[in-house]
Amino acid sequence: MKRFAALFTALDQTTKINPKVAALADYFAEAPEDDRLWTVALLSGRRPKRTVTTTLLREWAAARAGLPLWLFEECYPIVGDLAETIALILPPPERREDRSLTAWIGEIRALSALPPEDRRARILAAWDVLDRTERFVFNKLITGGFRMGVSQKLMTRALSRATDIPEPDLAHRLMGDWSPDTVSFETLIRAPDPTVDLSKPYPFYLAYQLDDGPESLDGPPAGWAAERKWDGIRGQLILRGGTHFLWSRGEELMTDRFPELARIADYLPPGTVLDGEVLAWRDDAPLPFNALQKRIGRKTVPKKLLTDAPVILYAYDLLEWAGEDRRALPFVERRALLEAAAAEVPPDAPLRVSPLVPFDDWPALAAERARSRDLSAEGIMLKRWDSPYRDGRKRGDWWKWKVDPLTVDAVMIYAQQGHGRRANLFTDFTFAVWDGNQLVPFTKAYSGLTDAEFRQITAWVRKNTLERFGPVRSVKPEHVFEIAFEGIQASARHKSGLALRFPRMARWRRDKPAREANTLADLQAMLAAYG
Amino acid sequence: MAEPLLTFTDRGIYCPDGDFHIDPWRPVDRALITHGHADHARDGMGRYLATEGAAPVMRHRLGDIRLDTVRYGETRTVGGVEVSFHPAGHVPGSAQIRVARRGEVWVVSGDYKVEADGLSTPFEPVRCHAFVTECTFGLPVFAWRPQADVAAEIDAWWRGNAAAGRASILGAYALGKAQRLLAAVDCGIGPILTHGAVENTNAVLRAQGLMLPDTVRVTPETDTKAHPGALVVAPPSALGTPWARRFAGPGGAPSTGFASGWMALRGVRRRRGADRGFVLSDHADWAGLNAAIAETGAERIFVTHGYTAIFRRWLAELGYDAAVVETAYEGESLDADADESDQGGQNAPSPREDLEKGL
């Protein structure tokens, strides 16, 4: 654990990318192989199953530190991280013991088979031999949500440096359904056997946001393909070995949630991988996102939902064909292969190809973009005809040109402190609009302000608190913020009768008195127009 | 029943019998001052009384004031009460103020820390019946390590940067923390440069006899390339400004560090955006506060600034008669410094502004 804790410290002690990559690459070159594998797993979002509840951890830590539980609970929101709070309040270790990262993870996983009293004894024994950083890491391994200020992209770069395997190959090898129990460093990274994991997806290629309009892109319009940007769930459909898998962008297997897509395997051969959007679909048009939302949270789907919100895959790329990786082909050729393949699929099967949006020049495309909301689309996707299918978010070949968000001016009425990096700052706000002389809360928003603005509003909240409800404070209804959002839906669960998609603070309207904020009637008019 | 020895008013802590205030935040006739930081020593008082050690900084900051000084431990009679000043260990010259009337003793701590910092006269516990204490870091998550350990960490950082051809810019408050660091680091590693705000305070403290290592004041004319591997001590607000970027060397951009008790929290450390956070405070940590309070033998405790509500409850559970007092003291500033307009050193800040930063 010493070595891993040292790595953690090295990563935590710098905000610069190169020293982080160097520290990780050194670690990958020197650490024992099973520790390396676990580190790759942790940094790609895989973690041991939780074996102790956080409630018990809090009680045990407070008792070990000789503190009343209420005092621990007061410290937690101020520190902003449970694992850190525990590490900070515990007395110094009584003796030291160095076991490997893998050994400690094994210890944590073994807890699940033990009665609660033994779990407590094991955890206390661990705390007693670990220093503060090691304890923090150990606690993080238990509580999950391990973030070390290192993205998967950065980790892949470091791993590439340590192994001399090119980054894109590594990115692909790290995808999919593996855990340190099912693979070794050798079989996952050094000498992978593609036949072992038929479900393995390719890394998704992600578009950058286009802020300055298509005139800012390289080359003439003819070099670019345009499609609608659909408001569904990005999915990669894999047909291999007579079965199929559907992956989300967050590398979650969604196969069982959308069973109707199994039919696609009846028409397309094994060795086919499609990238596209899962959309709820009826009568040749997408249904609003909330139809799809009902299906997202469920592992299995009742029959009624299958008929209420049937889905299709709206495909826009083809990554594998006849068992071969086609990502290096230019988009124009992949698109041709995709269209030819889809032509074999009958029209009532749940697969379509997302149509191109023809345009001659940029003003014509701008006019198409302006129709987006009417077509239930979020904007336009621009893809360079000659581009390969890359991995991750890479600038240059794919751009999303979203419609301008909807906006409303709203009054801040509640504030709550953030966590982690934002602990001690008020960053989570509830906003309201006028309904006569009443302020009706309708959304929360957390993002969009600069650090300096968060500090200013935090100082203001401290001085203008009206009431406290646990961590939430009601504040003087004084400040107006422009709230930007991507969509609006009717919602029976909200007092205001509506719910927003991706609300955020676009601007602090210091020029506007609270009385001039928007009204509930304004929001209802938006709901009627765009809901 | 007689009026309490000290009362808490909207001007500050007041002694009716002696007719004086302690660290008032609004103009009063007679002010006893614990130390020279801007939230404790303010402009506009008729007369001031402070320790000899605190006086030079106060004069420097507040200009021509009517200031009388006392030595630590010397007893004065003011009105009908006895007052004396006792080391608080916070910054050079800082004091706890003891007020006594017919055997009843109250002590106002001002700001304090219990660890000796090698520069300030170390904290001395004073027995009393009622203790007015700060609690800036009054949570059990704050546990300082010995100063020598932190200094070794800073030295290692500085040494590593110097070897790589990088300057090390260390953000620390201009009065107290900066000098404490200057006295604690290994000045054999390389040259030490100072921001004008820090150097002005250095000059005041050197003139009163404190030993500080040699430092070079950074001015607009300073050739920053002529001091490779330097440690640059500056107020936190100078970090991340063009002033700081001047120190780019052969090893690239300077490495930045920030020394504060708040660096104990990872979230704060990350938000500050400095490369390194060094956990070093001029305020007492949780154990220090609890030990200091126990050593006073006081039964009544008033908490003035910091995590007051939580700390009061803790003290009440320990059996103290504890209360929260609203004051205008700020403790160790966490974010405010970053909002201040001073971009550091290009235009020499006035001596007054310098010390405003030295919270």
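(A) Broad picture of the overall build of chain A. Scanning chain A from N- to C-terminus turns up 18 helices and 22 strands. The C-alpha atoms of chain A give a radius of gyration of 26 Å, which matches the 24 Å a tight globule of 531 residues would have. Its C-alpha atoms give chain A principal-axis dimensions of about 70 × 70 × 50 Å. Here chain A holds 531 residues, and 52% of them are scored as buried. In chain A, once contacts between residues fewer than 6 apart in sequence are set aside, the share between residues at least 24 apart is 70%. For chain A, the exposed surface amounts to about 23,700 Å²; the carbon and sulfur share of it is 51%. The centroid of the 76 positive side-chain charges in chain A is displaced by 5 Å from the centroid of its 73 negative side-chain charges.

(B) Representation of a positive patch on the surface in the model. All names here are of chain A. Positive charge collects at one region of the surface, where Lys153, Arg157, Arg161, Arg249 and Arg393 lie side by side. With 3 residues, helix α10 (residues 152–163) is the single largest residue contributor to the positive patch. As for its position among the elements, Arg249 is in the loop between β5 (243–248) and β6 (272–282).

(C) Highlighting the domain arrangement of chain B. All names here are of chain B. Per the domain assignment, the segments making up chain B are domain 1 (7–142 + 282–355) and domain 2 (147–278). Computed from C-alpha atoms alone, the centre-to-centre distance between domain 1 and domain 2 is 27 Å. Taken together, the 33 residues of domain 1 in the interface contact 35 residues of domain 2. Of the roughly 3,000 Å² buried between domain 1 and domain 2, counting both surfaces, carbon and sulfur atoms make up 59%.

(D) The arrangement of the sheet that holds strand β2 (residues 208–209) of chain A in detail. Residues and elements named next belong to chain A. With mixed pairing, 4 strands are arranged side by side in an open sheet as β2-β13-β11-β3. With partners counted over all chains shown, the strands left at the sheet margins are β2 and β3 (224–230), one partner each. The sheet contact formed by β2 and strand β13 (residues 398–402) spans 2 bridges and is parallel. Its bridge partner being in β13, Gln209 is matched across the sheet by Lys400. Running over the sheet, helix α15 (residues 331–342) touches β3, β11 (377–384) and β13 and is turned about 55° from β3.

(E) Geometry of the environment of Pro250 of chain B. Position of Pro250 of chain B relative to the elements: it lies in the loop between α5 (242–245) and β16 (255–259). A relative accessible area of 79% means that Pro250 of chain B is categorised as exposed.

(F) View of the nonpolar core. The biggest cluster of nonpolar side chains holds 120 residues, and the ones touching the most others in it are Trp127 and Phe138 of chain A together with Phe142 of chain B. A total of 7 residues in this core trace back to one element, the largest contributor, which is helix α5 (residues 69–79) of chain A. Once residues within four sequence positions are removed from consideration, Trp127 of chain A is found in contact with Leu57, Trp60, Ala61, Ile86, Leu90, Pro93, Arg135, Phe138 and Asn139 of chain A. With 29 residues, the next largest nonpolar core counts Ala445, Phe481, Phe485 and Leu498 of chain A among its residues.

(G) Summary view of the packing of aromatic side chains. All names here are of chain A. Across all of its chains, the model carries 33 aromatic pairs over all chains by this definition. The interplanar angle of 20° and the centroid separation of 5.3 Å between the aromatic rings of Phe481 and Trp508 together place this pair among those described as stacked. With Phe481 in strand β19 (residues 480–485) and Trp508 in strand β22 (residues 504–508), this residue pair connects regions lying 27 residues apart in the sequence. A residue is classified by how much of its surface remains accessible, and Trp508, at 10% relative accessible area, is buried.

(H) Structural context of the domain arrangement of chain A. Residues and elements named next belong to chain A. When its domains are assigned, chain A resolves into domain 1 (2–143), domain 2 (205–402) and domain 3 (406–530). Once you take the C-alpha centre of each, domain 1 and domain 3 turn out to be 36 Å apart. Taken as a group, Pro77, Ile78 and Gly80 account for 81% of the area that domain 1 buries against domain 3, more than any other trio of residues on that side. Counting across the interface, domain 1 meets domain 3 through 0 salt bridges. Taken together, domain 1 and domain 3 are joined by 0 residue pairs in polar contact (both at pLDDT 80 or more). Taken together, the residues of the side of domain 1 that touches domain 3 break down into 3 nonpolar, 1 polar and no charged.

(I) Geometry of the interface of chain A and chain B. On the chain B side, the residues contacting the 31 residues of chain A number 27 residues. Among the residues chain A hides against chain B, the three largest losses belong to Trp70, Arg421 and Arg455 of chain A. Together they make up 25% of the total. Applying the counting criterion to the chain A and chain B interface returns 3 salt bridges. Asp12 of chain A is the salt-bridge partner of Arg266 of chain B, the closest N and O atoms lying 3.0 Å from each other. For the interface between chain A and chain B, the tally reads 6 residue pairs in polar contact (both at pLDDT 80 or more). Where the side of chain A that touches chain B is concerned, the elements lending two or more residues are α1 (2–12), α5, α6 (82–89), α9 (132–143) and α17 (451–463) of chain A.

Calculation criteria
- Residues numbered from 1 in each chain as written.
- Chains lettered and ligands numbered in written order.
- Predicted model: local features only at pLDDT ≥ 70, side-chain atom pairs only at ≥ 80, totals over all residues.
- Heavy atoms only, no water.
- Helix = DSSP H or I, 4+ residues; strand = E, 2+ residues; numbered from the N terminus.
- Rg over C-alpha atoms; globule rule 2.2 N^0.38 Å.
- Buried < 20%, exposed > 50% of the residue type's maximum accessible area, 1.4 Å probe, protein only.
- Contact = heavy atoms within 4.5 Å.
- Areas by Shrake-Rupley, 256 points an atom, 1.4 Å probe, with all protein chains shown as cover.
- Lys, Arg positive; Asp, Glu negative; His and termini not counted.
- Charge placed at Lys NZ, Arg CZ, Asp CG, Glu CD.
- Patch = residues over 30% accessible without salt bridge, like charges linked within 9 Å, V, L, I, M, F, W, Y side chains within 5 Å.
- Salt bridge = Lys/Arg side-chain N within 4 Å of Asp/Glu carboxyl O.
- Domains from an automatic or database assignment.
- Buried area = accessible area lost by both parts, 1.4 Å probe.
- Pairing = 2+ DSSP bridges.
- Axes fitted to C-alpha atoms, helices over the stretch in contact; angles between N-to-C directions.
- Core = buried A, V, L, I, M, F, W, Y, C linked by side-chain atoms within 4.5 Å.
- Phe/Tyr/Trp six-rings, centres within 6.5 Å; stacked < 30°, edge-to-face > 60°.
- Polar contact = N/O pair within 3.5 Å; in protein donor to acceptor, adjacent residues only side chain to side chain.
- Nonpolar A, V, L, I, M, F, W, Y, C, P; charged D, E, K, R; others polar.

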